[in-house]
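A closer look at the structure
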Amino acid sequence: MTSVFITLIGVGSETLICDSILFEGFAYLVPCWIENPKDGWKTPEIAIRINTDDLQDSSRPDLDKVYKYPIPKDVFYGLNMTQKEYVVLETLELRIAL
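In short, a report on the structure. This is a predicted model, so every value here is computed, not measured.

Looking at the overall build of the protein chain
Secondary structure summary: the protein chain contains one helix and ten strands in total. Along the protein chain, helices and strands appear, N-terminal first, in the series β-β-β-β-β-β-β-β-α-β-β. Rg of the C-alpha trace for the protein chain: 13 Å, near the compact-globule value of 13 Å for 98 residues, within the 12% margin. The buried share of the protein chain, reckoned over its 98 residues, is 42%. Carbon and sulfur atoms make up 50% of the accessible area of the protein chain, which totals about 6000 Å². One finds the centroid of the 9 positive side-chain charges in the protein chain at a distance of 0 Å from the centroid of its 15 negative side-chain charges.

Here's what the structure looks like:
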């Protein structure tokens with residue numbers, strides 16, 4: 001089973017909230033989902049693989065996790081898929097129930 005967490009992250013000079021997931025032994029940031037309400041599932045539009053150890057528990061009650069390093073805006077928004085520091089996937093064989 002895949003866990004989905006509400007995650008605080010730095011993006012450029014901003015602080016945003018997005019989902020993160022643990023899937024097949026890796027942690028990913030998921031800035032956006034593709035939803036299929038008719039069939040009752042969603043899948044990541046893009047997934048940014050991150051180091052699981054850098055995803056920390058949050059002390060805030062409205063958040064599950066905090067990612068301790070900022071992500072460049074162009075990586076977060078899927079505009080730069082080739083930066084060596086990040087693995088950005090456009091497809092991830094994963095469906096989460098809505």
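Structure shown, so let's carry the discussion forward.
Side note on the sheet that holds strand 10 (residues 96-97)
With antiparallel pairing, the three strands of this open sheet are ordered in space as 4-5-10. At either margin of the open sheet sits one strand with a lone partner, and together these are strand 4 (33-36) and strand 10. Here two bridges tie strand 5 (residues 41-44) to strand 10, and the two strands are oriented antiparallel to one another. If you follow Lys42 over to strand 10, its bridge partner there is Ile96.

Here's the deal with the nonpolar core
Ranked by size, the top nonpolar core spans 15 residues in total, and within it Ile9, Leu29, Ile48, Tyr67, Ile71 and Phe76 carry the most contacts. Only strand 1 (3-11), strand 3 (26-30), strand 6 (47-50) and helix 1 (73-76) provide two or more residues apiece to this core. Not counting residues up to four positions away in its chain, the partners in contact with Ile9 are Glu14, Thr15, Leu16, Cys18, Leu29, Tyr67, Tyr69, Ile71 and Phe76. Val30, Trp33, Ala47 and Leu92 belong to the second-largest nonpolar core, a separate cluster that totals nine residues.

As for the pattern of salt bridges
It is possible for side chains bearing opposite charge to pair when their charged atoms get close. Scanning the entire structure with this criterion turns up four salt bridges. Put simply, Asp54 and Lys68 hold a salt bridge, and the shortest N to O gap is 3.8 Å. With Asp54 in the loop between strand 6 and strand 7 (55-57) and Lys68 in the loop between strand 8 (65-67) and helix 1, the pair connects residues that are 14 residues apart, well separated along the chain. Residue Lys68 is classed as partly exposed on the basis of its relative accessible area, which comes to 39%. A salt bridge links Arg60 to Asp62; the shortest N-O distance between them is 2.7 Å. Accessibility expressed as a relative area gives 37% for Arg60, which makes it partly exposed. Its relative accessible area of 43% is what places Asp62 among the partly exposed residues.

Criteria and thresholds
- Residues numbered from 1 in each chain as written.
- Predicted model: local features only at pLDDT ≥ 70, side-chain atom pairs only at ≥ 80, totals over all residues.
- Heavy atoms only, no water.
- Helix = DSSP H or I, 4+ residues; strand = E, 2+ residues; numbered from the N terminus.
- Rg over C-alpha atoms; globule rule 2.2 N^0.38 Å.
- Buried < 20%, exposed > 50% of the residue type's maximum accessible area, 1.4 Å probe, protein only.
- Areas by Shrake-Rupley, 256 points an atom, 1.4 Å probe, with all protein chains shown as cover.
- Lys, Arg positive; Asp, Glu negative; His and termini not counted.
- Charge placed at Lys NZ, Arg CZ, Asp CG, Glu CD.
- Pairing = 2+ DSSP bridges.
- Core = buried A, V, L, I, M, F, W, Y, C linked by side-chain atoms within 4.5 Å.
- Contact = heavy atoms within 4.5 Å.
- Salt bridge = Lys/Arg side-chain N within 4 Å of Asp/Glu carboxyl O.

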